[in-house]
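Each chain is listed here by its residues.
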Amino acid sequence: MSTCTWFMCLIVMSAVGTFAARATEAEGRATALQAQLDEADAIAHLVAALRSQSVRRKNGEVTPLGLADILVVAPYNMQVNLLRQRLPDDVKVGTIDKFQGQEAPVVILSMTTSRGEDAPRGTAFLFNRNRFNVAISRAQCLAIVVHSGELLEGSWRRIDDLRRLNLLAHAASVATH
């Protein structure tokens with residue numbers, strides 16, 4: 001059993017696979033862009049694995065990491081709904097806006113969209129520096145960013161897109177060193 005102490009660690013990981021659920025072509029594409037089954041399943045496995053860990057509380061007491069100690073955050077309501085179906089009821093799941101001002105020992109951020117250039121509401125929303133900061137800074141100990149392996153790929157046409165994309169690329173670089 002590992003113990004998480006009160007310093008922040010960031011892990012950026014890729015969920016393997018492609019999107020699920022496709023109804024009609026247009027509806028399926030919209031669903032795929034806002035809800036990613038592979039990420040939801042990867043997060044469910046992470047939550048299960050985290051339950052075998054412990055956390056050193058601010059008062060110095062070491063206790064098992066409980067479901068209430070984990071926040072799972074996603075940018076889109078469709079992914080939030082999918083995560084709620086896949087995770088135990090005691091795990092707090094919501095959009096970034098829902099958890100502003102709250103903290104937990106562990107925060108898992110689901111980036112949801114397979115390719116940044118296909119992101120609903122554009123890269124300005126998905127890779128927004130303030131929203132990303134709010135999401136990962138809710139973690140008192142461990143922040144995990146889960147994303148598609150293709151998220152950073154694409155034909156980026158504007159310098160602003162590259163700047164926003166650099167945010168996640170930089171976080172991944174920092175997390176691996």
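Nothing here was measured: the structure is a model prediction, and the numbers come from that model.

*Asks:* I'd like a description of the overall build of the protein, backed by residues and values.
*Replies:* A count of helical and extended segments in the protein gives 6 helices and 8 strands. Ordered by position from N to C terminus, the α and β elements of the protein give β-β-α-α-β-β-β-α-β-β-α-α-β-α. Taking the contacts inside the protein whose residues are at least 6 apart along the sequence as the reference set, 72% of them involve residues at least 24 apart. Here the protein has roughly 8900 Å² of accessible surface; of this, 51% comes from carbon and sulfur atoms.

*Asks:* Give me the lowdown on the environment of E103, citing residues and values where you can.
*Replies:* Within the fold, E103 resides in the loop between β6 (92-95) and β7 (104-110). Taking the C-alpha atoms as reference points, E103 and C141, separated by 38 residues in sequence, lie 9.8 Å from one another. Among the polar contacts listed, one links the side chain of E103 to the side chain of Q140, at a separation of 3.3 Å.

*Asks:* An account of the confidence of the model for the protein is needed here, citing residue identities and associated values.
*Replies:* Looking at the protein as a whole, its pLDDT mean stands at 75, while 65% of the residues score no less than 70. Low pLDDT, under 50, characterises residues 16-32; the predicted model gives this stretch 19 contacts beyond four residues in sequence or across chains.

*Asks:* Just give me the short version of helix α5 (residues 129-136), but keep the residues and values in it.
*Replies:* Restricting attention to buried positions, one finds in α5 the residues R131, F132, V134, A135 and I136. In this structure N128 caps α5, since a side-chain oxygen of it lies 2.9 Å from the backbone nitrogen of N130.

*Asks:* Tell me about the pairing of β6, residues and numbers included.
*Replies:* Bridge analysis of strand β5 (residues 70-74) against β6 gives 4 bridges, and the strand direction is parallel. From the neighbouring strand, L71 faces β6, where its bridge partner is K92. For the crossover from β5 across helix α3 (residues 77-86) to β6, the handedness is right-handed.

*Asks:* Residue-level account of the nonpolar core, with values.
*Replies:* Counting residues in each nonpolar core, the largest one holds 23 residues, and the members touching the most others are V72 and I108. Looking at this core, the elements with two or more residues in it are α2 (37-50), β5, α3, β7 and β8 (139-148). The dominant element in this core, judged by the number of residues it contributes, is α2, at 6 residues. Setting aside residues no more than four positions away along its own chain, V72 makes contact with I43, L83, L87, V91, K92, V93, G94, F99 and I108. Core analysis: the next-biggest nonpolar cluster, separate from the first, contains 19 residues, V73, A104, F127 and V145 among them.

Thresholds applied
Residues numbered from 1 in each chain as written. Predicted model: local features only at pLDDT ≥ 70, side-chain atom pairs only at ≥ 80, totals over all residues. Heavy atoms only, no water. Helix = DSSP H or I, 4+ residues; strand = E, 2+ residues; numbered from the N terminus. Contact = heavy atoms within 4.5 Å. Areas by Shrake-Rupley, 256 points an atom, 1.4 Å probe, with all protein chains shown as cover. Polar contact = N/O pair within 3.5 Å; in protein donor to acceptor, adjacent residues only side chain to side chain. pLDDT = per-residue confidence, 0-100. Buried < 20%, exposed > 50% of the residue type's maximum accessible area, 1.4 Å probe, protein only. Pairing = 2+ DSSP bridges. Right-handed = clockwise from strand over helix to strand, strands pointing away. Core = buried A, V, L, I, M, F, W, Y, C linked by side-chain atoms within 4.5 Å.

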